[in-house]
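Secondary and tertiary structure notes
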Amino acid sequence: MKLEDLNQRFGIAEVKFVAGQGGLIKAVVTSDQCEGEIYIHGAHVTHFQPTNQKPVLWMSEQSVFEAEKAIRGGVPICFPWFGPLAGHPKAPGHGWARTRSWDVVKTSLREGNVVELVMRTEIEDFALAYTVRFGEVLSLELHVTLSPQAAATVTYEEAMHTYLTVSDIHSVSIRGLEPAGYIDKVDGGTTKMETGSAIRFDGECDRVYLETTSTTRLTDPGMKRIITISKSHSHNTVVWNPWVDKSARMPDFGDNEWQGMVCIETANIGKRSIELKPGKSHTMTATIAVDQLD
Ligand SMILES: O=P(O)(O)OC[C@H]1O[C@@H](O)[C@H](O)[C@@H](O)[C@@H]1O
């Protein structure tokens, strides 16, 4: 849909559609609670800033904004697989959802001045509805339905791959995942156990935490804040920072940008992939809140 049509059908006082970077269309949200942005490309939230706080989501200055490419930063949606697709080296990493144009279904102002946007798309036999609520907190809800016409049960992986801004990766810590087993992708995919009281960073980190439904808290003394991610119907949390070498290998990631970000991803992957029968649905949610440290 064209920009004018989007504004005519879905523009409200708090939501305006504009041409964003690379000419891709984004919705700009402004309310007394927060500022936010979501691109139609990938239904990709690229900005969330509660009033009187600093931006919560990290964006790479090197991000590419092109129809075939994924935006680097914000909240990419990974679906229907996570990471590389086993046995298909040419398939795009993290699936199709983050590189396709989604349809806007609804914009509304809800109770408490929370701005809600709903977007949808179809991928293979799945219908995806993504509801994003911009308020004092950011709430993300991915609702997946397998078509009643599908021939059989289908399995998928999913993640809301949240990139968070931090003052300095060396000084932040994450609590809430211990004790949990995790797959250490930096150490050849071996399974380990988190035993410390908090996760801290001193090198590349790429971990899939297993059997964890708990809330995670990212403490950032430099920014004097705690970011809390609570979730539902998600059994994995992925923690990722590419550090020096991997950043250098990624063309859309600045060489030193790894110091100012970390990903805490709400997911269902691997053994926790979701299996849907025809006509059935599954909803995964994540809520991101910010509290000031005194
Ligand atoms: O470069 P991409 O496809 O956006 O992926 C970024 C990272 O995403 C993380 O979720 C994965 O665990 C990492 O292995 C991966 O490198």
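Residues numbered from 1 in each chain as written. Predicted model: local features only at pLDDT ≥ 70, side-chain atom pairs only at ≥ 80, totals over all residues. Heavy atoms only, no water.

The chain is annotated in an unreviewed UniProt entry as Putative glucose-6-phosphate 1-epimerase of Rubripirellula tenax. The UniProt entry for the chain carries the following text under Catalytic activity (unreviewed entry): "alpha-D-glucose 6-phosphate = beta-D-glucose 6-phosphate". According to its UniProt record, the chain has this under Sequence similarities (unreviewed entry): "Belongs to the glucose-6-phosphate 1-epimerase family." (UniProt positions renumbered as here; feature names shortened; annotations may be inferred.)

Examining the overall build of the chain
Regarding its fold elements, the chain presents two helices and 21 strands. Its C-alpha atoms give the chain a radius of gyration of 18 Å, within 12% of the compact-globule value 19 Å for 294 residues. With respect to the principal axes defined by its C-alpha atoms, the chain has extents near 50 × 50 × 35 Å. Here the chain holds 294 residues, and the buried ones make up 53% of them. The contacts of the chain with a sequence gap of at least 6 include a subset with a gap of at least 24, amounting to 61%. Split by element, the accessible area of the chain, about 13,200 Å² in all, is 48% carbon and sulfur. When the 29 positive and 37 negative side-chain charges of the chain are each reduced to one mean point, those points stand 3 Å apart. (Helix = DSSP H or I, 4+ residues; strand = E, 2+ residues; numbered from the N terminus. Rg over C-alpha atoms; globule rule 2.2 N^0.38 Å. Buried < 20%, exposed > 50% of the residue type's maximum accessible area, 1.4 Å probe, protein only. Contact = heavy atoms within 4.5 Å. Areas by Shrake-Rupley, 256 points an atom, 1.4 Å probe, with all protein chains shown as cover. Lys, Arg positive; Asp, Glu negative; His and termini not counted. Charge placed at Lys NZ, Arg CZ, Asp CG, Glu CD.)

What about the sheet that holds strand β3 (residues 34-39)?
In spatial order, the strands read β1-β2-β3-β4; together these four strands make up an open sheet with antiparallel pairing. At either end of the open sheet lies a strand with only one pairing partner, and these are β1 (15-19) and β4 (44-50). The sheet shows a mean angle of 15° between the axes of neighbouring strands, direction not considered. When β3 meets β4, the two strands line up antiparallel, connected through six bridges. Note that in β4 the partner of Glu-37 across the bridge is His-47. Seen against the sheet, helix α1 (residues 3-10) touches β1 and β2 (25-30) and runs at an angle of roughly 180° to β1. (Pairing = 2+ DSSP bridges. Axes fitted to C-alpha atoms, helices over the stretch in contact; angles between N-to-C directions.)

Description of the pairing of β3
Burial runs high along β3: five of the six residues are buried. Hairpin connection, β2 to β3: the antiparallel pair is bridged by three residues. Joining the antiparallel neighbours β3 and β4 is a turn of four residues, in which Gly-42 adopts a positive phi near 80°.

As for the packing of aromatic side chains
Using the criterion set out here, one finds 12 aromatic pairs in the structure. An aromatic cluster is built from Trp-58, Tyr-163, Trp-240 and Phe-253, whose rings are joined through pairwise contacts. (Phe/Tyr/Trp six-rings, centres within 6.5 Å; stacked < 30°, edge-to-face > 60°.)

Let's talk about the site of the ligand
Close to the ligand lie Arg-72, Phe-82, His-94, Arg-98, His-161, Lys-185, Asp-206, Val-238, Trp-240, Lys-246 and Glu-265. At a separation of 3.1 Å, an oxygen atom of the ligand approaches a polar side-chain atom of Lys-185. Taking Glu-265, its side chain carries an N or O atom lying 2.8 Å from an oxygen atom of the ligand. Look at the ligand: alone it shows 390 Å² of surface, and the protein chains cover 84% of it. Split into classes, the residues belonging to the shell around the ligand amount to three nonpolar, two polar and six charged. (Near = heavy atom within 4 Å. Polar contact = N/O pair within 3.5 Å; in protein donor to acceptor, adjacent residues only side chain to side chain. Nonpolar A, V, L, I, M, F, W, Y, C, P; charged D, E, K, R; others polar.)

Some remarks on the environment of Gly-254
Structurally, Gly-254 is set in the loop between α2 (243-249) and β19 (261-268). A relative accessible area of 9% means that Gly-254 is categorised as buried. In the structure, Gly-254 is positioned 191 residues away from Ser-63 in sequence and 8.7 Å away in space, judged by C-alpha atoms. Not counting chain neighbours up to four residues away, the residues in contact with Gly-254 comprise Ser-60, Gln-62 and Ser-247.

So, the confidence of the model for the chain
When pLDDT is averaged across the chain, the result is 97; 100% of the residues are at 70 or more. Scoring of the predicted complex yields 0.98 for pTM and 0.99 for ipTM. (pLDDT = per-residue confidence, 0-100.)

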